[in-house]
Amino acid sequence: MTIKTILTEPSKILRQISLPVEKVGKEEQILMNDMLETMYDAKGIGLAAIQIGVPKRIIVMDISKDDKKKPMYFVNPIIKNKNSNYSTYEEGCLSVPNQFAEVNRPSECEIEYLDFNGKKIFLKASGLLATCIQHEMDHLEGILFIDYLSKL
Ligand code: ZN
């Protein structure tokens, strides 16, 4: 596994829209392993492929609080349903160093995606998991959390 350089604002690459992955193969698995290693090294809880300059719809996350690692892999994630209730979390981003802000997002969402082995998964997310996956999926559209703030 290789630790990659994380792109930061105002890199134009972060604003690209990422493309769907055709199938989860060796190349994608190596990418996911590198992303995870990079994320752990940076002490983050989520990373999208575009943050290391790869415009593919791939996300890795680990929101476990203890020392046991619980990596999650999301390929081609799609939000199927969103709660109309919102919750607020203070968010940060490895691509926006040293900035934190409260962001409102639907408190629950249902996601369909492919896992590390290309298996289709349907997941109901709430709490931090819901917030984090929505933050990461924004990266796939070239959106950063600070974009919500400038609308105020
Ligand atoms: Zn981010």
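Counting restarts for each chain, with residues numbered from 1 along the sequence as it is written. Per-residue local features of the predicted model are confined to residues with pLDDT of at least 70, and side-chain atom pairs are confined, for both listing and counting, to 80 or more; whole-chain, interface and lining totals are unaffected and use all residues. Side-chain figures throughout are based on the complete set of non-hydrogen atoms in the structure, without hydrogens or water.

Before going further, it helps to spend a moment on the sheet that holds strand β1 (residues 46-48). The pairing criterion is simple: DSSP has to find at least two bridges between the two strands. Only DSSP runs of H or I with at least four residues qualify as helices, and only runs of E with at least two residues qualify as strands; both kinds are numbered from the N terminus onward. Strand order in this open sheet of 5 strands is β1-β2-β3-β6-β7, and the pairing throughout is antiparallel. The sheet is open, and its two edges are formed by β1 and β7 (120-126), each paired on a single side. Direction aside, neighbouring strands of the sheet carry axes that sit 40 degrees apart on average. Pairing analysis gives 3 bridges linking β1 to strand β2 (residues 58-61), with the strands arranged antiparallel. Residue pairing across strands places Gly46 opposite Met61, the latter belonging to β2. Residues are treated as being in contact if the distance between any of their heavy atoms lies within 4.5 Å. Axes here refer to lines fitted to C-alpha atoms; in helices the fit is confined to the stretch in contact. Angles between the N-to-C directions go from 0 to 180 degrees. Contacts from helix α1 (residues 26-41) reach β1, β2 and β3 (72-82) within the one sheet, and its direction differs from that of β2 by about 40 degrees.

To continue, consider the coordination of the zinc ion. Around the zinc ion, the protein contributes the donor atoms Cys93 (SG), His135 (NE2) and His139 (NE2), which lie 2.1 to 2.3 Å from the metal centre. The motif formed by the donor residues of the zinc ion, counted along the single chain, is C-x41-H-x3-H. Here His139 and His135 lie together in helix α2 (residues 127-140), a separation of 4 residues that amounts to about one turn. You can call His135 buried: its relative accessible area is 6%. Categorising residues by exposure relies on relative accessible area from a 1.4 Å probe, with only protein chains included: less than 20% of the type maximum marks a residue as buried, more than 50% marks it as exposed, and the intermediate range marks it as partly exposed. Taking the relative accessible area as the measure of exposure, His139 reaches 1% and is therefore buried. Ligating atoms shown are N, O and S within 2.8 Å of the metal, or 3.2 Å for Na, K and Ca, and water is not included, meaning a site may look less than complete.

Now for α2. Taking 1.5 Å of rise per residue, 14 residues should cover 20 Å, and α2 covers 21 Å from first to last C-alpha, within 8% of that figure. Among the 14 residues of α2, 12 are classified as buried, and the element is accordingly described as predominantly covered. Expected span, for any helix, means 1.5 Å times one less than how many residues it has.

Our focus in this paragraph is the side chain of Glu28. Turning to its location among the elements, Glu28 is positioned in helix α1. Counting of polar contacts relies on pairs of N or O atoms within 3.5 Å, with two restrictions inside protein: one atom must be capable of donating a hydrogen and the other of accepting it, and residues adjacent in sequence are counted only when both atoms are side-chain atoms. A polar atom in the side chain of Glu28 sits 3.1 Å from the side chain of Lys56. Excluding residues that lie within four positions of it along the chain, Glu28 makes contacts with Val21, Lys23, Lys56 and Ile58.

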